[in-house]
Amino acid sequence: YQVAFTGMENTIVFLTFALFLYNPRDNAWLFLFNGACMIFAQGLARQLVKRLGQRKVIMLGMLVASVAFVWVALIPTPAAGVPSPAWAEPSFYAGLGLISFATGLILPSVSALVSLYSDASEQGRNLGILRSAGSLARVIGPVTAALLYFHFGSHFWVYLGGAVLMLPAIWIVRGLPDPSSEATSA
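Residues numbered from 1 in each chain as written. Predicted model: local features only at pLDDT ≥ 70, side-chain atom pairs only at ≥ 80, totals over all residues. Heavy atoms only, no water.

1. Quick notes on the packing of helix 2 (residues 24–52) against helix 4 (residues 88–117)
Our working rule: To get an axis, a line is fitted to the C-alpha atoms, and for a helix only the part in contact is used. The angle between two axes follows their N-to-C directions and goes from 0 to 180 degrees. Helix and strand assignments follow DSSP, with helices taken as H or I runs no shorter than four residues and strands as E runs no shorter than two, numbered in order from the N terminus. Reported orientations rely on four angle classes, namely roughly parallel under 35 degrees, roughly antiparallel over 145, roughly perpendicular from 65 to 115, and oblique for the rest. Left-handed describes a crossing whose near helix is turned anticlockwise from the far helix by less than a right angle; the clockwise case is right-handed. Note that Gly is not counted as nonpolar here; it falls among the polar residues with everything else outside the nonpolar set of Ala, Val, Leu, Ile, Met, Phe, Trp, Tyr, Cys and Pro and the charged set of Asp, Glu, Lys and Arg.
Between helix 2 and helix 4, whose axes approach to 7 Å, the crossing angle comes to 45 degrees. As summarised for this structure, helix 2 and helix 4 are arranged oblique, according to the angle between their axes. As for the relative orientation of helix 2 and helix 4, their crossing is right-handed in sense. The residue makeup of the contact of helix 2 with helix 4, split by class, is 17 nonpolar, seven polar and one charged.

2. Regarding the nonpolar core
Applied cut-off: The set of buried Ala, Val, Leu, Ile, Met, Phe, Trp, Tyr and Cys residues whose side-chain atoms join them within 4.5 Å is what this entry labels a nonpolar core. With a 1.4 Å probe rolled over the protein chains alone, any residue whose accessible area is under 20% of its type maximum counts as buried; one over 50% counts as exposed, and the rest are partly exposed. Here, residues are in contact when the closest pair of their heavy atoms is within 4.5 Å.
Of all hydrophobic cores here, the largest spans 31 residues; its most connected members are Leu 15, Phe 92, Leu 96 and Tyr 159. Of all the secondary structure elements, the ones that give two or more residues to this core are helix 1 (2–20), helix 3 (54–73), helix 4, helix 5 (123–152) and helix 6 (156–175). Those residues within four positions of Phe 92 in sequence are excluded, and the remaining contacts are Ile 12, Leu 15, Thr 16, Leu 19, Phe 20, Leu 30, Val 72 and Ile 75. Counting seven residues, the second-largest nonpolar core is a separate cluster that includes Val 49, Val 57, Phe 101 and Leu 105.

3. Section: unusual backbone geometry
If you check the backbone angles, Leu 21 has positive phi at about 55 degrees while not being a glycine. In this fold, Leu 21 is placed in the loop between helix 1 and helix 2. Its relative accessible area of 63% is what places Leu 21 among the exposed residues.

4. Brief notes about the pattern of salt bridges
Our working definition: Whenever Lys or Arg places a side-chain nitrogen within 4 Å of a carboxyl oxygen from Asp or Glu, that contact is recorded as a salt bridge.
In the structure shown here, the tally under the stated rule is one salt bridge. One salt bridge in this structure joins Glu 122 and Arg 125, with 3.4 Å as the shortest N-O distance. Residue classification places Arg 125 among the exposed residues on the basis of a relative accessible area of 53%.

5. Thoughts on the packing of aromatic side chains
Here is the rule: Each Phe, Tyr or Trp ring, with Trp reduced to its six-membered ring, pairs with another whose centre is within 6.5 Å; inter-plane angles below 30 degrees give stacked pairs, above 60 give edge-to-face pairs, and intermediate values give tilted ones.
Evaluated as defined, the whole model comprises five aromatic pairs. Judged by centre distance (5.5 Å) and plane angle (40 degrees), the rings of Phe 20 and Tyr 22 are tilted. On the numbers, 5.3 Å between centres and 65 degrees between planes, the contact of Phe 20 with Phe 92 is edge-to-face. Residue Phe 20 is located in helix 1, and its partner Phe 92 is located in helix 4; the two are separated by 72 residues in the primary sequence. Like Phe 20, the residue Phe 92 is buried in the burial classification. Three or more aromatic residues link up through ring pairs in this structure, and these residues are Phe 20, Tyr 22 and Phe 92.

By themselves, these observations are geometric and do not establish any function.
This is the structure in structure tokens:
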């Protein structure tokens, strides 16, 4: 998930310029909106974990993210000199808001699940490995997304790739056993 999300984060400025001729101020508003969506999701995640458990919250977040990545991929890039359709910008905000919302559900739940699956003596090590994997994703994601974005000339492949990356992750999370302490820690 981190690869897809960091790829999106790092090509978003190119995309907002291509779609809507955004300037830095417009992008700042977009990032504030995305941050608010993540904050809202993290507040909601605790309640969802109590009802569904960590694994199901992660799967829900990944399903929302995959739909949102496809949603944004389908927003048409306008032709030169032709503005985007009127529905494109609100739809773009909705799609990116859903991606940020999904991230707010997924990231804390993944950390919690790693902690729950780890023995007390291994928690620090395993959470460190998780953070290192996230850092590696922050290298791979932007490079891959930029190569796709600039090679294919559209945001379609970047976001479609993000959606496709969710599928094996959902399958993996779905196959995990419930940690025994999950019910008591929520």
